[in-house]
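Below, each chain spelled out in residue letters.
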Amino acid sequence: MTTTPEADVRRVVDAQASAVRRGDVDAMVASVAEDVVSFDVVDPLRRLGHGSVSERAAAWVASFEGPITWDNRDIVVTAAEDVAFASMLCRVTGTLANGTRIDMFFRKTLGFQRRAGRWMITHDHASVPFNPETGEASLDLLP
Amino acid sequence: MTTDEIAIRVLLDQRARATSSKDLDGSLAPFAPDVVKYDIAPPLAQRGAEANDPDALQEWFASWKGTIGLDLTDVTVRCAGELAFCYGFLHMRGERTDGERTDIWIRSTICLEKRAGAWKIVHEHTSVPLRMDGSGKAATDLKP
């Protein structure tokens, strides 16, 4: 099968989204590198390593009651031999265990390196903007 | 360190110094015309001319009294061929024209492409995290 670096990276992005929809934490972090540096939507400033990212992913999935919908849009993948990056807007909907209904967009940037022939996520930055006047995070923005 | 990594670090440093001294051209020069920007403040995303708007940048410069304290620290550069991504923390501080004092640590991710022999920023993502305490507030007081 012939393939391009862009298509391979895009497959990793799509597989992660589909893993979230299944609530499959192992699959969500299958392409996350051991030494990943992650800037998550929520605090702290930074998480280091696959273990910390997996723990957070498991807690996040467990905070939902029932299915999570995750859709990526405006995906831009730029890939070459051994380095790639991707940016996208993610929409997450679902109901939290405490009954709160979630329907929000956030931004995601992924940095990839090809290691032993596999595209691995070595950097992950996800966020919502915030209003500097009020200090409130902007959870209701639409693209 | 490779020549490309050095060139990228110089670009990041020059850009920070240009922004610090409110040099409009120097601040915008490293950006590709088709950049996709996820800024610290709304909207979710800005593209192309909207992201590179000199008037908006000038207005932001005007909200600071004097120069802007700006240090990009803890920078990692991942570079191969004609692509690179970098990330680190941006420490931004100074006095605003409304008398407020800003002192904030920001997460910064910058993606670059080498075009016609020169590195250009094609994507930038800056943010602070959301507090997990349910307050809906941004965590603007965290330090690395």
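What counts and what doesn't
- Residues numbered from 1 in each chain as written.
- Chains lettered and ligands numbered in written order.
- Predicted model: local features only at pLDDT ≥ 70, side-chain atom pairs only at ≥ 80, totals over all residues.
- Heavy atoms only, no water.
- Pairing = 2+ DSSP bridges.
- Helix = DSSP H or I, 4+ residues; strand = E, 2+ residues; numbered from the N terminus.
- Contact = heavy atoms within 4.5 Å.
- Axes fitted to C-alpha atoms, helices over the stretch in contact; angles between N-to-C directions.
- Phe/Tyr/Trp six-rings, centres within 6.5 Å; stacked < 30°, edge-to-face > 60°.
- Buried < 20%, exposed > 50% of the residue type's maximum accessible area, 1.4 Å probe, protein only.
- Buried area = accessible area lost by both parts, 1.4 Å probe.
- Salt bridge = Lys/Arg side-chain N within 4 Å of Asp/Glu carboxyl O.
- Polar contact = N/O pair within 3.5 Å; in protein donor to acceptor, adjacent residues only side chain to side chain.
- Nonpolar A, V, L, I, M, F, W, Y, C, P; charged D, E, K, R; others polar.
- Expected span 1.5 Å × (residues − 1).

1. Examining the sheet that holds strand 2 (residues 47-48) of chain A
Residue and element names in this part refer to chain A. In spatial order, the strands read 2-1-6-5-4-3; together these six strands make up an open sheet with mixed pairing. The open sheet terminates on both sides in strands that have one partner only, identified here as strand 2 and strand 3 (64-79). Pairing of strand 4 (residues 83-96) with strand 5 (residues 101-115) involves 13 bridges; the strand directions are antiparallel. Counterpart to Val-83 in the pairing with strand 5 is Gln-113. Most of the contacts of helix 3 (residues 50-62) go to strand 1 (residues 32-39), to which it runs at about 65°, and overall it touches strand 1, strand 2, strand 3 and strand 4.

2. Regarding the pairing of strand 3 (residues 64-80) of chain B
Residues and elements named next belong to chain B. Where strand 3 lies against strand 4 (residues 83-96), 12 bridges are found, and the strand directions are antiparallel. Counted as the bridge partner of Gly-69 is Arg-93 from strand 4. Between strand 3 and strand 4, which follow one another and run antiparallel, lie two residues, and Gly-81 among them has a positive phi close to 55°.

3. Focus: the packing of aromatic side chains
Residues and elements named next belong to chain A. Counting across every chain of the model gives seven aromatic pairs over all chains. Ring centres of Trp-60 and Phe-64 lie 5.0 Å apart, and the angle between their planes is 70°; this geometry places the pair in the edge-to-face category. Both residues of the pair, Trp-60 and Phe-64, count as buried. A ring pair is formed by Trp-60 and Trp-70, whose centres lie 6.0 Å apart and whose planes are at 90°; its orientation type is edge-to-face. One end of the pair, Trp-60, is in helix 3; the other, Trp-70, is in strand 3, and 10 residues separate them in sequence. Across the pair, exposure class does not vary: Trp-60 and Trp-70 are buried alike. Grouping aromatic residues by their ring pairs yields a cluster made of Trp-60, Phe-64, Trp-70 and Phe-106.

4. Section: the interface of chain B and chain A
The accessible area lost on association of the parts is a frequent measure of interface size. Between chain B and chain A, the residue contacts involve 46 residues of the former and 50 residues of the latter. Across the chain B to chain A interface the summed buried area is about 3600 Å²; carbon plus sulfur atoms make up 67%. Counting across the interface, chain B meets chain A through three salt bridges. Linking A:Arg46 and B:Asp74 is a salt bridge whose minimum nitrogen-to-oxygen distance equals 3.5 Å. Across the contact surface, chain B and chain A share 23 residue pairs in polar contact (both at pLDDT 80 or more). Among the elements of the structure, strand 1 (31-38), strand 3, strand 4, strand 5 (101-115) and strand 6 (118-127) of chain B are those that each provide at least two residues to the side of chain B that touches chain A. With eight residues, the top contributor of residues to the side of chain B that touches chain A is strand 5 of chain B. Its residues placed into classes, the side of chain B that touches chain A shows 27 nonpolar, 10 polar and nine charged.

5. Topic: the pattern of salt bridges
All told, the structure shown has 22 salt bridges over all chains when counted by the stated rule. Put simply, A:Asp40 and A:Arg56 hold a salt bridge, and the shortest N to O gap is 3.0 Å. You can see A:Asp40 sitting in the loop between strand 1 and strand 2 and its partner A:Arg56 sitting in helix 3, a full 16 residues away along the chain. What makes A:Asp40 buried here is its relative accessible area of 17%. Residue A:Arg56 is classed as buried on the basis of its relative accessible area of 17%. B:Arg47 is paired through a salt bridge with A:Asp74; the nearest N and O atoms lie 3.1 Å apart. Here A:Asp74 lies in strand 3 and B:Arg47 lies in strand 2 (residues 46-47), a pairing that spans two chains. Given a relative accessible area of 41%, B:Arg47 falls into the partly exposed group.

6. Quick look at helix 1 (residues 3-20) of chain B
Residue and element names in this part refer to chain B. With 18 residues, helix 1 ought to run about 26 Å at 1.5 Å a step, and its terminal C-alpha atoms sit 26 Å apart, in line with that. For helix 1, the full list of buried residues reads Glu-5, Ile-8, Leu-11, Leu-12, Arg-15, Ala-16, Ala-18, Thr-19 and Ser-20. Phi for Lys-22, located one or two positions after helix 1, is positive at around 60°.

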